[in-house]
Every structure is written in structure tokens, then in C-alpha cells.
Number of protein chains: 2
Amino acid sequence: MSQSNENTAGAAPLAGLTVLDLTHVLAGPYASMTLSDLGARVIKVERPGLGDDTRAFPPFKDGESAYFATINHGKESIALNLKDTSDRSVFEQLLSKSDILLENYRPGVMDRLGYGWDQLHAQHPHLIYGAVSGFGHTGPEALRPAYDMVVQARGGVMSITGERDREPVRVGASIGDIAAGMFLTQGVLAALIAREKTGLGQKIDIAMLDSQLALLEHAIAITSVTGDAPRPSGARHPSIAPFETFHAKDGLFVIAAGNDALFAQLCVTLNLPLAQDPRFSTNPERCKNARLLKRLIEAVTIDKPAEHWIELLTQAGIPTGPIQTVDQVMQDPQILARNMVVDVLDQSGSPAYVAAGNPIKMSALPDPSTRAPAPKLDEHRDHILRWLEKSS
Amino acid sequence: MSQSNENTAGAAPLAGLTVLDLTHVLAGPYASMTLSDLGARVIKVERPGLGDDTRAFPPFKDGESAYFATINHGKESIALNLKDTSDRSVFEQLLSKSDILLENYRPGVMDRLGYGWDQLHAQHPHLIYGAVSGFGHTGPEALRPAYDMVVQARGGVMSITGERDREPVRVGASIGDIAAGMFLTQGVLAALIAREKTGLGQKIDIAMLDSQLALLEHAIAITSVTGDAPRPSGARHPSIAPFETFHAKDGLFVIAAGNDALFAQLCVTLNLPLAQDPRFSTNPERCKNARLLKRLIEAVTIDKPAEHWIELLTQAGIPTGPIQTVDQVMQDPQILARNMVVDVLDQSGSPAYVAAGNPIKMSALPDPSTRAPAPKLDEHRDHILRWLEKSS
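These notes cover the structure that comes with them. Note that the coordinates shown come from a computational prediction; the quantities given were computed from them, not determined experimentally.

Some remarks on the packing of helix α1 (residues 27-37) of chain A against helix α7 (residues 175-198) of chain A
All names here are of chain A. Running from N to C, α1 and α7 cross one another at 45°; their axes reach a closest spacing of 8 Å. When the axes of α1 and α7 are compared, the pair comes out oblique. Two packed elements cross with a definite hand, and for α1 against α7 that hand is right-handed. Each of Ala27, Tyr30, Ala31, Thr34 and Leu35 in α1 lies in contact with α7, whose residues at this interface are Asp177, Ile178, Ala180, Gly181, Met182, Leu184, Thr185, Val188 and Leu189. Here the contact of α1 with α7 is built from residues that sort into 10 nonpolar, three polar and one charged.

As C-alpha cells, this is what we get:
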């Protein structure tokens, strides 16, 4: 209990703020994880019986979901049935003491429960209401259900990810959820800033589908100007060259020479007389001739191992690096030096899982190397009820 | 000029705040685009001569980069050589009038220019300093150069994206940059909240590599528990089934039945007697038997077009949808209803490009359907100099 953010004070930006978190699975819980990392206390309200769906997601360790544990660390849990009179009373007391409410129901569900934005804003004008849903709370298809995979597909990211002329692939990380969770976090933080001036909370309405479109940058620019949607381009960037994987003697590595000066330096370093060649002298020309350029570079790189080239190019100031598997990343000296792999403790205080650290490094924000346990379902009921009594 | 956020007042959370933006290419400019959408004035400081690298990135329209235009709309531009005495004087006046400084130089560059965090914090204690770099300002490899592709590869996302037993592919969107830009935005917003309490700015140090690790969620959980790093799984989620693409008569579509209740409903809707089958009755079992499950579902779906199944499953409440190309997404009725495709105007006020709208929909934040033009290099020099004189 003492490891939650209930009694934080001082340095963390969100110290003293309480998040009442009705969300489950990933987008919402990812947002409340970030708010917790920034110092907020998060009270997770789960449905009685099963709780958050991800409690049943593999992989498991000692019968508990590691997936759940690594996203929900340091949060408190209370199980409430929002159709039950007595539980509603608890929820309403929690609302009156919270700064931020997060929910990811389908649009309309909160209204039918009597907790829609209009009602809540009238009763709790300071409360910030953050909603994340598949398609948002407006528009003709607001009521459709969605998961990550649905918005990755419908939102265009899948259509530009994969190998040319093969079936599209999913982005291996759940960016359909995570991007939406990150925009929700931004909206909540912006609403806190606005509240300082106005005293009023506001509603934030994040759609997972909108969030996918917001990631597309160059693909939108290309489609807008040419009328043609880009296709997947495998391992290369569609608008920069050379900016892709290359074969070394022992496997693939990456070179990303993002401007003319870096390309000229690459040519010197690899002893390739291409910098003045009109086919390669500007980035637009290099993009047109990217396949040929890849072969010319590989004619040099194929003879020695990737590590040799990474070392040589790094010394010459050219962005390059290995393609690492997740276990390799988790042991990467730079990642470890940045405290980006943290231990999630169990109830006895021993490390039980590892999770991603907080990527938002701030000079006045503590950056601990452990996280309090994820809660068991309803674990903090008594504690939370006592807190409500004490402070009512 | 009047379309920039210089004179915004009132509703927008960041109205009245000034961002001095030294960043180029994507991560930093993406962050300052969001800050602009939230109401901040952004003054883009570019190097004389060429300006931001992306001014040379295709695609072009009338000789201007659409890539640059769709990320830098509504910003002001001044070209300054930070080694020139007279330009340094302008920069220092700008510093004294700004709330937030953003930079994406390699660590140490700002210190050598005399504008490192320690110096700036001593002279401008209220100033928030947001840095984004490839590997962060600490750790053994802080000085290595990076671009999106380098951190996608080294950070593990590529290793789980693509088809099993084929070469890894890049995520089609530049999430190496964009994720870092989004965490930078979160850090800046959190620092503004902290400044309300302390009056002091702080330094935010975002690494693109850290940001990639922070997206990996289930891959870290899997590696942590099993010791084995996940491999790419093509178009399916590694921990949920059915959650992937399926063949219909006319092509692929997506079904994402993320829990037992949805799977049971799917079985009823497709008339498949699998809900009680021990091979499929729980999500862990469905994951083990995902290939078989895909074939059994496709045995039904292969006979009719995707639209038929999307309609039928949607009516049954099952998350499903098409795989859209970027031109299709940009005409999606739900996307258009959400104002997620906006016009970037040219200097005469006519629509010149389309760009992604603001995904952060807030009840008290205006959501215009146009954006002011991206600046020409040094376009606002005179205006900015007059503003400095007037207010000094």
C-alpha cells in the first residue's frame, strides 16, 4: 500500500492528484500507467468477478498474468458493480474526491449509468473526464466496437507495413491501443493546465482510429500530393535513402544516412565513388534508385560482419545499428544505463516481473528502478473505504 | 501571420505560451505541432541557408515539400546562426520571452553553444527545456547519432514486425520519431503543471531508443516470463486469438474477438460449434491452436465478400473491419466526421495540402478544419524582431 502514489508529495508533477480509472485492456491502462509514473494516485475500478480482461492474458507466472502486472503496477484495485446501489454510492464518493476520471466504455454506456459527461460536469465541475474508444464519441460509427487490430487495419498503418506484394502485417507492438493511450495522456495533462486557469474540468474524447491516422505523417503527404496511396516498402523508408537494412557477412544491420552530408560521408567511409553520381547526388534521386543503391552498398558490406560496419560507420558519424530481438534490447547497456528496464515487485517486496521503465526523464522527477505490485482484484477495497470514511 | 498562435487567448490550454523550437526532421517538430494544436505559439529557429532537412524531403508540390508543410503548419520561422554574435543576441532575447525550449541536437552541442541546461536554468529559471535525441543525454552511447530506422531496429519493434521466418520489416509510420515526440509532449505538459507549483522549469531528456522499448508491452512480458523473445507473427496478435486477418471471397479483413464472450458470440454468428471445444474454450488454448482456428473460421468466411462479414459481425457486436489503404482512410466517413483530415492553407488562404487533424478532442478546445501555412525559411524574421523591440 505504501508503495502506491497515495501519499506522494513534492517533486512529481502529478503528486497529490487522484485518477479514478474505469479502463481495461491497454489504451486506458497505458495512460494511467504514465500518469502514475508522473506521480498521480491511480484507483482502478474493476468489474466484480473477473476484473480487467488482461488478467486472463498470457503469459502467466505463478498463475498471474505478466501482461496485466507490467501495465498496472502501483495502481490500487476496487471491484464495483456500477448498477448496484451500494457500490454506486462508493463510486460517487470516489468521484467527489478525484481529479481525473478515465473510461473506455462504448459511447453512451456512462450516460446510461448516470455518469455521462453532462451529469458529471454539473455535479463535479473540477473533474476531468478522459474517454478513449475505438471510433470516438461522435460520428456515424461511434458505436462500433474495436480492438487494436481493427484500428491498425482500418487506420492505414497495416497497408504500409510489410513486404511489397505480400499480405500486410500487424505492427508487432499494439500501437492501435498505445498511440490512443498516449494522446489521452496528453489531453489529460493539457486539461490539468487549463483547469489551473479556469477551475473547470473538461471532457477529452480520444478515438483509437483517429490516433492511427495521426501517426501516418509522410503517407498522408504522399497521398495528398500524388493521389496514390503508398504501399508497404519492407524495411526501407519510402522518402529517404539510404535508410534501410543491409546485408553484412553475418546478417542484417541498418544504415540511415538521412541527408546529403551523411551520404557523402558514407561514400567516403565505404570507399564508394557515388556522391557525385547524378543517380545518387540528391535524396530524391537516391529514392528513385534505392534498389540499385542498396546493391552497391551491399557489394561492400557483405564481406565483413555487421559489428565491423556498425563500429566503422559510428566512428564516421553515420547513424547505424543492429536489429535486436527483445531479449537483446532488455540487456542493451544503453537501455540499462537509462533505467528503462525496471523490476515490478511482488507483495513481499521481491522482484517478480520486469517492465518498461518511464521514458519521460525529467530533472525534478524521481526515476525509481522498481515498481509496486499490480493489485489483486479488489485488493484495496477496505483501504479505500476507510480512506473515504476518514476524509468525508 | 494572424493565423499563427501568437495572439491566442482564452480557451486553448496552452494559449499565451511560447515555444522556441530548435528541432528539425520529425520527433521534435511532431511535438511542437501538438503543442501548437493545444494553443501554444511556436517559433521555429532554423539554420540559415537550408533550414530544416525535411524542406528537401519528397513529395513536393510547386517546389515545396509536402512532408515539411504537413508537420510545420502554423509555426513561425526565423533563421539564426547560433555561432554569430548578432544572431545569438536575438536568440537570447527570444529565450527570455519563451516558456519552452525544444532541441534535438546531439548531447553536448547546446553546452558548447553556451546554451546548456545548467546555464539556461541559472539565467531563465522558469524556462522548460525539452531535449529529444537518439539515445538520451546519459549512458555510454549518448553521443551516437540516430534516425527513426536505427531505433526501430535496435529498440526491438522490427524484430516482432513482419512475417515469421522472413526478414524483419520497418513499421510503415515513423514511430521511432513519433513515439519520442509524443513522450516529449507529455514531459513538457507535465513540466508546465509542475511549474505552476514551483515556478521553476525543468529539463526533459527523451531518448528515441527508450521510447521504442516503452511501446513493447506484451513482448517484454513474454520475454520476462519465458526467457524467449517473441518473433514476428505476421498479421496476428501473439497473445490473443482470434485477433488477426482472415480471407473473405474478395480479400482480407480483420476479426478481433478479444475475450471469451466475444468468441462465443462469433461462434454463434458464424454457426461454428467451437465455443465448447476444449481446444478453443479459453484464450490461452485459442492462442496455442490459432492456425487451426484461422482455417476453421476461413472455411466459413471464404464464400462471401469482406463487406458481408463486416456488416454481420458488427451487428453481433464483434470488433471487425476492413484493411484500408491511406487514400481510403482519408475518405473514411468516420474520419471525416471527426475532422481528422484538415486543410493546410497557402499564403493566399487557399487549401494547399491536407494533413492529419488533432486527435486530442477536448470539450473546451476549438477544433478548426484548416491550418495556417507552414513558414518559408526565415519568413517571420522582421515580424519577430519587431515583436522583440516592442516588448523589450
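Observations regarding the relation of the copies chain A and chain B
Here chain A sits on chain B after a turn of 180° about the axis and a move of 0.0 Å along it, with an RMSD of 0.0 Å. The operation mapping one copy onto its partner corresponds to a two-fold rotation axis. Of the residues that chain A buries at the interface, 100% are likewise interface residues in chain B, meaning the two copies contact each other through the same surface.

Details of the environment of A:Ala214
Examined against the element boundaries, A:Ala214 turns out to sit in the loop between α8 (208-213) and α9 (218-226). Expressed as a C-alpha distance, the spacing of A:Ala214 and A:Ile297, which sit 83 residues apart in the sequence, is 34 Å. Other than its neighbours up to four places away in sequence, A:Ala214 contacts A:Phe183, B:Tyr30, B:Met340, B:Ala356 and B:Pro359.

Quick look at the sheet that holds strand β15 (residues 370-371) of chain B
Residue and element names in this part refer to chain B. Here we have three strands laid out as an open sheet, ordered β13-β12-β15, and mixed in their pairing. One side of each edge strand has no neighbouring strand; the edge strands of this open sheet are β13 (351-356) and β15. In the sheet, strand β12 (residues 341-345) pairs with β15 via two bridges, with the strands oriented parallel. Of the residues in β15, the one forming a bridge with aspartate 343 is threonine 370.

Here we look at the packing of helix α3 (residues 85-96) of chain A against helix α16 (residues 381-391) of chain A
Residue and element names in this part refer to chain A. Where α3 meets α16, the axes come as close as 11 Å, and the angle between the chain directions of the two elements is 60°. With respect to α16, the axis of α3 lies oblique. Of the two elements, α3 crosses α16, and the hand of that crossing is left-handed. In contact with Asp87, Val90, Gln93 and Leu94 of α3, α16 contributes Arg381, Ile384, Leu385, Trp387 and Leu388. Residue classes in the contact of α3 with α16 are distributed as six nonpolar, one polar and two charged.

Side note on the sheet that holds strand β5 (residues 76-79) of chain B
In space, the seven strands of this open sheet follow the order β14(A)-β8(B)-β7(B)-β6(B)-β1(B)-β2(B)-β5(B), with mixed pairing throughout. One side of each edge strand has no neighbouring strand; the edge strands of this open sheet are β14 (361-362) of chain A together with β5 of chain B. Here strand β7 (residues 128-133) of chain B runs beside strand β8 (residues 203-207) of chain B; their pairing, made up of five bridges, is parallel. Bridge assignment links B:Tyr129 to a residue of β8(B), and that residue is B:Lys203. Together, β14 of chain A together with β6 (100-103), β7 and β8 of chain B form the strand contacts of helix α7 (residues 175-198) of chain B, whose direction differs from that of β7(B) by roughly 165°.

Some words on the packing of aromatic side chains
Tallied over the entire structure, the rule returns eight aromatic pairs over all chains. When the centroid spacing of 6.1 Å and the interplanar angle of 70° are considered together, the rings of A:Trp117 and A:Tyr129 count as edge-to-face. Residue A:Trp117 is located in helix α5 (residues 117-123), and its partner A:Tyr129 is located in strand β7 (residues 128-133); the two are separated by 12 residues in the primary sequence. The exposure class of A:Tyr129 is buried, given its relative accessible area of 2%. One cation-aromatic arrangement involves B:Arg41 over B:Trp387; the distance from NZ or CZ to the ring centre is 4.2 Å. One cation-aromatic arrangement involves B:Lys97 over B:Trp387; the distance from NZ or CZ to the ring centre is 4.7 Å.

Here's the deal with helix α10 (residues 260-270) of chain A
Residues and elements named next belong to chain A. Considered for burial, the residues of α10 that qualify are Leu262, Phe263, Leu266, Cys267 and Leu270. The buried residues of α10 occupy an angular sector of 145° when the element is viewed end-on, so they sit on one face. Among the exposed residues of α10, those pointing more than 90 degrees away from its buried face are Ala261 and Val268. In the core, the buried residues of α10 are packed alongside β10 (251-256), α11 (283-288), α12 (290-301) and α13 (306-315). Where α10 starts, the residue carrying a side-chain oxygen 3.2 Å from the main-chain nitrogen of alanine 261 turns out to be asparagine 259. Looking at the residues trailing α10, positive phi occurs at asparagine 271, about 60°.

Side note on the interface of chain A and chain B
Contacts between the two partners involve 149 residues from chain A and, on the opposite side, 149 residues from chain B. Roughly 12100 Å² is buried in total at the junction of chain A and chain B, and carbon and sulfur atoms are behind 66% of that figure. Inspection of the region where chain A meets chain B yields eight salt bridges. A salt bridge links A:Arg166 to B:Glu163, with the shortest nitrogen-to-oxygen separation between them at 2.7 Å. Applying the counting rule to chain A against chain B returns 54 residue pairs in polar contact (both at pLDDT 80 or more). With 16 residues, the single largest contributor to the side of chain A that touches chain B is α7(A). Taken together, the residues of the side of chain A that touches chain B sort by class into 88 nonpolar, 37 polar and 24 charged.

Rules used throughout
- Residues numbered from 1 in each chain as written.
- Chains lettered and ligands numbered in written order.
- Predicted model: local features only at pLDDT ≥ 70, side-chain atom pairs only at ≥ 80, totals over all residues.
- Heavy atoms only, no water.
- Axes fitted to C-alpha atoms, helices over the stretch in contact; angles between N-to-C directions.
- Helix = DSSP H or I, 4+ residues; strand = E, 2+ residues; numbered from the N terminus.
- Parallel < 35°, antiparallel > 145°, perpendicular 65-115°, else oblique.
- Left-handed = near helix turned anticlockwise from the far one by under 90°.
- Contact = heavy atoms within 4.5 Å.
- Nonpolar A, V, L, I, M, F, W, Y, C, P; charged D, E, K, R; others polar.
- Least-squares fit on C-alpha atoms with pLDDT ≥ 70 in both.
- Pairing = 2+ DSSP bridges.
- Phe/Tyr/Trp six-rings, centres within 6.5 Å; stacked < 30°, edge-to-face > 60°.
- Buried < 20%, exposed > 50% of the residue type's maximum accessible area, 1.4 Å probe, protein only.
- Lys NZ or Arg CZ within 6 Å of the ring centre and 35° of its normal.
- Arc of directions from axis to C-beta.
- Polar contact = N/O pair within 3.5 Å; in protein donor to acceptor, adjacent residues only side chain to side chain.
- Buried area = accessible area lost by both parts, 1.4 Å probe.
- Salt bridge = Lys/Arg side-chain N within 4 Å of Asp/Glu carboxyl O.

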